[in-house]
2 protein chains.
Amino acid sequence: MQIIEVNTKSRPSKVYCGEGAAEKFSELYAGCDAFVVTDANVARLYAARIGELFPHAPVCVVPAGERSKNRNTLFKILDAMFAAQLHRSSVVVALGGGVIGDMAGLAAALYMRGTRLVQVPTTLLAQVDSSVGGKTAIDYAGVKNAVGAFYQPETVLCDPAFLHTLPPREVKCGLGEVLKTGILDAAIGEKLWESRERLSDLSYLSELAADCIRFKARIVAEDERESGARRCLNLGHTTGHALELAYGRRSHGEYVLIGMWLESFIAEREGVCTPAHAQYVRDTVALVQPRIPVFKDARACVKYALLDKKNSARGAVSLTLSAGKGEWKVLALSAEKYADYLGMLEGGR
Amino acid sequence: MQIIEVNTKSRPSKVYCGEGAAEKFSELYAGCDAFVVTDANVARLYAARIGELFPHAPVCVVPAGERSKNRNTLFKILDAMFAAQLHRSSVVVALGGGVIGDMAGLAAALYMRGTRLVQVPTTLLAQVDSSVGGKTAIDYAGVKNAVGAFYQPETVLCDPAFLHTLPPREVKCGLGEVLKTGILDAAIGEKLWESRERLSDLSYLSELAADCIRFKARIVAEDERESGARRCLNLGHTTGHALELAYGRRSHGEYVLIGMWLESFIAEREGVCTPAHAQYVRDTVALVQPRIPVFKDARACVKYALLDKKNSARGAVSLTLSAGKGEWKVLALSAEKYADYLGMLEGGR
């Protein structure tokens, strides 16, 4: 078992990675009032396991999927917390993928101005990315993660045992964030290329997950609230989120891959990186996403990108671009110019 | 003009106290996108002034009063923020009393995981207490401030000019928190007694407000999230909030005064303070609240106290009690015992 510390200013977190991580809960939180939030899929697949890991804890089950990441579900979780008469010293356990982590995390942040929070991510995406770093949110007003808080979990338990029930779509989703980390960090990138044959091997992926978490822990400790270094983690995400809002259907990770692909052209043509580096980014994307789909009316997605949290001026779209191995830059493009680039996704390139 | 620094871990605040504080806004935030949240009373009384102080800023007006401090109003403010396409670097101005400060503060905390926040308190209560320290919330599920966040404003502008339009009820409300600070801090208590003839003089009160803010700034810097020293600020509040939820009508400050009165008997009889100190607390309360009203069925309020955020165990009520001048203690009482004490408010004592 590896233990990774995330030393943020607001509250330090400990991430336990490896076989048996979930069982650490009973040891770390003996005698605490626990309250589990999970989704219908996890509740069905792991009914008996939940009872073993969190005996006596009330379990709040919400519908699975990004569509339930909204205001109504958030307040249903809060209602269940009030009904259970939780206190600030109660421990909210977010057991699930990114959607559960985001919503249960926000509910924990808001209930009585904050209870204790433990993330138990069950998807590769949540293990490599969303469960670490304290971002919590719901989608609102047509914007991804529009209403939320930075709220650090005390503990994250990344147990590979949960990954065996993941459908391939979910594995690919997590791989999107793994590749993103590989583009941001030269050493992880090299490891990825060396072991590219093993990217469908789940036990190898959970080893890579620990590398990704270690990288993210370093970034988040430096810049918890995304005003500096943390912006690097948005690579591919401006375009990815806009496509996700416009088209739905595919997974978050796949949209991030497509976003990184498109944004490599932007970086190249706007002079942020060399053509060779842009090609390296696209080749890395192709390890998992060899074919970029065609999106009808992709230019229209500019309206979603304009609402993105990462923008800092009206009428302009902020993008985090890969400038070289281990290097990145934030660039603001006018809406018109960005729409032209989105046009590349309409095919005929 | 006095400038008081509140050095919390999450974000330092500066409090400007004195004539002309509100005008500092244009100097401190020149060139920023501002967005004003206020209530119908303030909007009516200060329509022209708002235009002068915050030119070009959209103004979101919500209904006045504690009853509007709910989920619907919170999301109406968020809707207006999305409609105005605010960014994280936009500045939300909470212009009003405690209700506006709490709700606009929470909206600022949640929008895109946090925008910049400036508190411009217009009531004595908000100036001496709620605008400083970063507590934000809405009432929910029958519990005061049940859903909220700790979110520090960058700047607080306490301008006595706003106090001249306050109805007497609101002045008394603020005095409740001033007296609470006087009981917690020996020097402020002494000053209060020496100047007890001047407690209806608004310009003297704004001088006292600066003393109260300086005291609170010290406490909040030591313990931002209310796990230690900050609990002293809850003096009178467990009983005060329970009565407020059960009976409404009177102001928050008046309920806090009544709470301190009742809790002085609890402190005395539970051996937390001497009878002489308990009498001193009651005499201080009487400076502003010479007569304690009779509450029918006061014992029934125990159910509200049991839901209080400050409790840490089920079936018990946590109270912050004054143990001596400048001294305090948290005591947990069983629900039955606390209900017996509440019975003293039913008259016939």
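As the structure is a prediction and not an experimental result, all values here were calculated from the model.

1. Details of the overall build of chain A
A count of helical and extended segments in chain A gives 14 helices and eleven strands. Computed over the C-alpha atoms, the radius of gyration of chain A is 20 Å, within 12% of the 20 Å expected from 2.2 N^0.38 for a compact globule of 349 residues. Principal axes of the C-alpha set define a box for chain A whose edges measure 60 × 40 × 35 Å. With 349 residues in all, chain A has 63% of them scored as buried. A sequence separation of at least 24 residues applies to 72% of the contacts in chain A between residues at least 6 apart. Here chain A has roughly 12,800 Å² of accessible surface; of this, 51% comes from carbon and sulfur atoms.

2. Observations concerning the relation of the copies chain A and chain B
Rotating chain A by 180 degrees and moving it 0.0 Å along the rotation axis overlays it on chain B with an RMSD of 0.0 Å. The transformation just described matches what one would write down for a two-fold rotation axis. In terms of proximity to the rotation axis, the leading residue of chain A is Ser10 of chain A, whose C-alpha is 3.2 Å off the axis.

3. Regarding the environment of Gly271 of chain B
Structurally, Gly271 of chain B is set in the loop between helix 11 (252-269) and helix 12 (275-286). C-alpha separation for the pair Gly271 of chain B and Ala323 of chain B, spaced 52 residues apart in sequence, amounts to 9.0 Å.

4. As for the nonpolar core
Counting residues in hydrophobic clusters, the biggest one holds 66 residues, and the most contacted among them are Leu78, Met81 and Phe82 of chain A together with Leu78 and Met81 of chain B. Leaving out residues up to four positions away in the same chain, Met81 of chain A has contacts with Phe35, Leu86, Val92, Ala107, Ala108, Tyr111 and Thr115 of chain A. Counting 61 residues, the second largest nonpolar core, distinct from the first, contains Leu233, Met260, Ala305 and Leu331 of chain A.

5. Concerning the interface of chain A and chain B
If you look at the interface, chain A gives 43 residues, while chain B gives 43 residues. Summing both sides of the interface, chain A and chain B together bury roughly 3,900 Å²; the carbon and sulfur share of this comes to 53%. Counting across the interface, chain A meets chain B through two salt bridges. Applying the counting rule to chain A against chain B returns 13 residue pairs in polar contact (both at pLDDT 80 or more).

6. Brief notes about the packing of helix 8 (residues 186-194) of chain A against helix 9 (residues 202-222) of chain A
In helix packing, the relevant descriptors are the interaxial angle and the interaxial distance, both defined with respect to the helix axes. Residue and element names in this part refer to chain A. Packing of helix 8 against helix 9 brings their axes to within 11 Å, and their N-to-C directions diverge by 170 degrees. On the basis of their axis angle, the class for helix 8 and helix 9 is roughly antiparallel. Residues Ile188, Lys191 and Leu192 of helix 8 touch helix 9, and the partners they reach there are Tyr204, Glu207, Leu208, Asp211, Cys212 and Phe215. Looking at the contact of helix 8 with helix 9, its residues break down into six nonpolar, no polar and three charged.

7. Overview of the pattern of salt bridges
Residue and element names in this part refer to chain B. Enumeration according to the criterion identifies 46 salt bridges over all chains in this entry. Between Asp129 and Lys216 there is a salt bridge, and its shortest N-O distance comes to 2.9 Å. Remark: Lys216 occurs in helix 9 (residues 202-222) and Asp129 occurs in helix 6 (residues 124-130); sequence separation between them is 87 residues. Taking the relative accessible area as the measure of exposure, Lys216 reaches 7% and is therefore buried. Between Asp211 and Lys191 there is a salt bridge, and its shortest N-O distance comes to 2.6 Å. Of the two residues, Asp211 is situated in helix 9 and Lys191 in helix 8 (residues 186-194); the sequence distance between them amounts to 20 residues. For Asp211, a relative accessible area of 18% gives the class buried.

8. Description of the sheet that holds strand 5 (residues 91-96) of chain B
Residues and elements named next belong to chain B. Strand order in the open sheet made by the seven strands is 1-2-9-6-5-3-4, with mixed pairing throughout. Either end of the sheet is taken by a strand with one partner, and the two such strands are strand 1 (2-6) and strand 4 (59-62). Between one strand axis and the next, the sheet turns by 20 degrees as a mean value, whatever way the strands run. Alignment of strand 6 (residues 116-121) against strand 9 (residues 155-158), held across two bridges, turns out to be parallel. Among the inter-strand pairings, Gln119 is bridged to a residue of strand 9, identified as Val156. Along the sheet, helix 4 (residues 71-83) makes contact with strand 3 (34-39), strand 4 and strand 5, crossing strand 4 at roughly 165 degrees. Along the sheet, helix 9 contacts strand 1, strand 2 (13-17) and strand 9; its crossing angle with strand 1, the most-contacted strand, is approximately 20 degrees.

9. Quick notes on the environment of Arg269 of chain A
Tracing the backbone shows Arg269 of chain A in helix 11 (residues 252-269). Excluding its chain neighbours within four sequence positions, the residues that come into contact with Arg269 of chain A are Tyr341 and Met344 of chain A.

10. Some thoughts on the domain arrangement of chain A
All names here are of chain A. Taken domain by domain, chain A comprises domain 1 (2-165) and domain 2 (235-349). Once you take the C-alpha centre of each, domain 1 and domain 2 turn out to be 30 Å apart. Across the contact, six residues belong to domain 1 and seven residues belong to domain 2. Counting each side, the surface lost to burial between domain 1 and domain 2 is near 630 Å², with a carbon and sulfur contribution of 63%. Its salt-bridge partner being Lys144, residue Glu244 comes within 3.0 Å of it at the nearest N-O pair. Across the domain 1-domain 2 interface, the total number found is one residue pair in polar contact (both at pLDDT 80 or more).

How each quantity is defined
- Residues numbered from 1 in each chain as written.
- Chains lettered and ligands numbered in written order.
- Predicted model: local features only at pLDDT ≥ 70, side-chain atom pairs only at ≥ 80, totals over all residues.
- Heavy atoms only, no water.
- Helix = DSSP H or I, 4+ residues; strand = E, 2+ residues; numbered from the N terminus.
- Rg over C-alpha atoms; globule rule 2.2 N^0.38 Å.
- Buried < 20%, exposed > 50% of the residue type's maximum accessible area, 1.4 Å probe, protein only.
- Contact = heavy atoms within 4.5 Å.
- Areas by Shrake-Rupley, 256 points an atom, 1.4 Å probe, with all protein chains shown as cover.
- Least-squares fit on C-alpha atoms with pLDDT ≥ 70 in both.
- Core = buried A, V, L, I, M, F, W, Y, C linked by side-chain atoms within 4.5 Å.
- Buried area = accessible area lost by both parts, 1.4 Å probe.
- Salt bridge = Lys/Arg side-chain N within 4 Å of Asp/Glu carboxyl O.
- Polar contact = N/O pair within 3.5 Å; in protein donor to acceptor, adjacent residues only side chain to side chain.
- Axes fitted to C-alpha atoms, helices over the stretch in contact; angles between N-to-C directions.
- Parallel < 35°, antiparallel > 145°, perpendicular 65-115°, else oblique.
- Nonpolar A, V, L, I, M, F, W, Y, C, P; charged D, E, K, R; others polar.
- Pairing = 2+ DSSP bridges.
- Domains from an automatic or database assignment.

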